[in-house]
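# Descriptive analysis of the structure
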Amino acid sequence: MSGSAPEWHRKAYSVAAMRAMARRALPRPIFDFTDGGAENEYTLRRNEAAHAQYELVPRSLRGSPARDLSVELFGKRLALPIMIGPTGLSGLMWPQGEIAAARAAAAAGTAFCLSHASTCTIEDLAATGIAPRWMQVFIYRDRGFTKEFVERTAASQYDALVLTIDNQMTGNRERDIRNGFTIPPSFSPLDKAMMATKIGWLMRMGPALPKLTFGNYVRAGQPMDMKTLAAKMSEMLDPSLSWADVDWLRTLWKGPLILKGVLHPEEAAEAAKRGIDAVIVSNHGGRQLDGAPATVDMLPRVVEAIGGRIPVLLDGGIRRGADVLKARALGAALCLVARPQLWGLAVAGEAGVARMFDIFRREIDRAMALMGITRLDQLGPDDLRKAG
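The text that follows walks through the structure, step by step, so that each part is easy to find. (Residues numbered from 1 in each chain as written. Predicted model: local features only at pLDDT ≥ 70, side-chain atom pairs only at ≥ 80, totals over all residues. Heavy atoms only, no water.)

For the rest of this paragraph, the subject is the overall build of the protein. Check the secondary structure of the protein and you find 17 helices and 12 strands. Overall, the C-alpha framework of the protein stretches about 65 × 55 × 40 Å when taken along its three principal axes. Out of the 388 residues belonging to the protein, those deemed buried represent 56%. Surface exposure of the protein reaches about 16,100 Å², of which carbon and sulfur atoms provide 54%. If you average the places of the 49 positive and of the 41 negative side-chain charges in the protein, the two averages end up 5 Å apart. (Helix = DSSP H or I, 4+ residues; strand = E, 2+ residues; numbered from the N terminus. Buried < 20%, exposed > 50% of the residue type's maximum accessible area, 1.4 Å probe, protein only. Areas by Shrake-Rupley, 256 points an atom, 1.4 Å probe, with all protein chains shown as cover. Lys, Arg positive; Asp, Glu negative; His and termini not counted. Charge placed at Lys NZ, Arg CZ, Asp CG, Glu CD.)

With that settled, the discussion passes to the pairing of strand S9 (residues 278-281). Side chains Ala278 and Ile280 project from S9 onto one buried face, and the interleaved Val279 and Val281 project onto a second face that is buried too. Where strand S8 (residues 257-262) lies against S9, four bridges are found, and the strand directions are parallel. Residue Val262 lies in a different strand from S9, and its bridge partner there is Val281. Chirality of the crossover, the property in question, places the unit of S8, helix H13 (residues 265-273) and S9 among those that are right-handed. Here three bridges tie S9 to strand S10 (residues 312-315), and the two strands are oriented parallel to one another. The residue bridging Val279 from the neighbouring strand is Val312, located in S10. The parallel pair S9 and S10, bridged by helix H14 (residues 295-306), forms a crossover whose chirality is right-handed. (Pairing = 2+ DSSP bridges. Right-handed = clockwise from strand over helix to strand, strands pointing away.)

With that out of the way, let us pick up the state of the cysteines. Covalently bonding the sulfur atom of one cysteine to the sulfur atom of another cysteine gives a disulfide. Tallied over the full model, the rule gives zero disulfides. The closest cysteine sulfur to the non-disulfide-bonded Cys113 is located on Cys120, 12 Å from its own sulfur. Of the residues examined, Cys120 reaches a relative accessible area of 7% and is grouped as buried. (Disulfide = S-S within 2.5 Å.)

Okay, H13 next. Looking only at H13, the buried set comprises Pro265, Ala268, Glu270, Ala271 and Ala272. Summarising the contacts, the buried residues of H13 are in contact with helix H12 (243-252), S8, S9 and H14. Two residues or fewer past H13, Gly275 is found with a positive phi of approximately 90 degrees. (Contact = heavy atoms within 4.5 Å.)

Inspection of the secondary structure puts Glu41 in the loop between helix H3 (28-35) and helix H4 (42-49). Once you skip the residues sitting within four places of it in the chain, Glu41 turns out to touch Gly36, Arg175 and Asp290.

Another point: helix H17 (residues 350-371). The end-to-end C-alpha distance of H17, which contains 22 residues, comes to 32 Å, matching closely the 32 Å that a straight helix rising 1.5 Å per residue would cover. If you check which residues of H17 are buried, you get Gly352, Val353, Arg355, Met356, Phe357, Ile359, Phe360, Glu363, Ile364, Ala367, Met368 and Met371. Immediately beyond the C-terminal end of H17, within one or two residues, lies Gly372, with a positive phi of roughly 80 degrees. (Expected span 1.5 Å × (residues − 1).)

In summary, soluble globular proteins display a tendency toward joint burial of nonpolar side chains. One finds Leu92, Leu125, Trp134, Leu259, Val279, Leu314 and Phe357 to be the most contacted residues of the largest nonpolar core, which totals 125 residues. By residue number, the principal contributor to this core is H17, which donates nine residues. (Core = buried A, V, L, I, M, F, W, Y, C linked by side-chain atoms within 4.5 Å.)

The next subject is the packing of aromatic side chains. Under the criterion given, the structure shown has nine aromatic pairs. An angle of 80 degrees between the planes, with centres 6.2 Å apart, marks the rings of Tyr140 and Tyr217 as edge-to-face. Taken together, the residues span a long stretch of sequence, with Tyr140 in the loop between strand S6 (133-137) and helix H7 (143-155) and Tyr217 in the loop between helix H10 (199-205) and helix H11 (226-236) at a distance of 77 residues. In this structure Tyr140 comes out as buried when scored by relative accessible area, which is 1%. Residue Tyr217 is classed as buried on the basis of its relative accessible area, which comes to 0%. (Phe/Tyr/Trp six-rings, centres within 6.5 Å; stacked < 30°, edge-to-face > 60°.)

Looking now at the pairing of strand S7 (residues 160-164). Most of S7 sits inside the fold, with five of its five residues counted as buried. Of the two faces of S7, both are covered, the one formed by Ala160, Val162 and Thr164 as well as the one formed by Leu161 and Leu163. Here S6 runs beside S7; their pairing, made up of four bridges, is parallel. Residue Met135 lies in a different strand from S7, and its bridge partner there is Leu161. In this region the chain leaves S6, passes through H7 and returns to the parallel neighbour S7; the handedness of that crossover is right-handed.

Shown next as structure tokens:
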């Protein structure tokens, strides 16, 4: 590593190391908001641990003097088999956090999905010219509001629309309850006393916090403060979400439409039947239904149910390059990363997310070389062994 690299860069040698650095950099309520899961966090922990039960079986004598890490999705060639998934309030990690992360993704040659709960607007991100760019939407009680989101996404020429289906009501995130976390964040006297150790975050975010809001929900003539908008967003969630709503959304959006939050094979098969263009096997990072299975455990069953009709993507627990190879061997076209890019933002903004991509790139390339493969499409179930 170059001697001119900053000190943080040297310390950020793995995703786990970046998480530890982010934990030191952020106030505890902010770190736990991004890092935590629902209730006992069984699903959160299982998402990561489940990757360990799949073992890569190398065939070293095939040789791999050069490796191609690229994948094709929706007619676009991505330089890496990972992209950034939607995460709300990235702007709490770093000013204009979503745009910083999107710039890093574009520089790495891959895609970025903007969260509905971003601190920038759909139009703000589009104005940067960053691509490929995807947009996340929900089905709200007010279907007209969902329709408006879709129309704005189309007008801003996004490449894909992601409908998240596992957020019909907000999960019971007990770390936030324990910390007294609120939106916008407020800090207890103890939190404030500890701020001296978080001076970097305080200096960059302090001036921005009073103006921080959910950019996509601001309407002229209506209250735009974050607290009011957060309450409104929660009230708009609709537990009556059904296939009829998915069909309706399909009529509104002509580009690639992706369902995020699919775990059951039957739901995956139904998605393919109804003209959905891809599914994301996801449990919302363990932040919704605690006790749901790990996503990598459900991936083979979903892939089998889809039968090659549409791409299957994996979200949840991706922390190493080897995790990406395991997902590819099990049939995933691409993996989404969410928390790792938040940790990168917390450490160094756009440069931190770029570092995250560099870590994954090097780990994937090294694992491919050790597996004896030159292209990701050479991976299959025969390259894995399930432990135990």
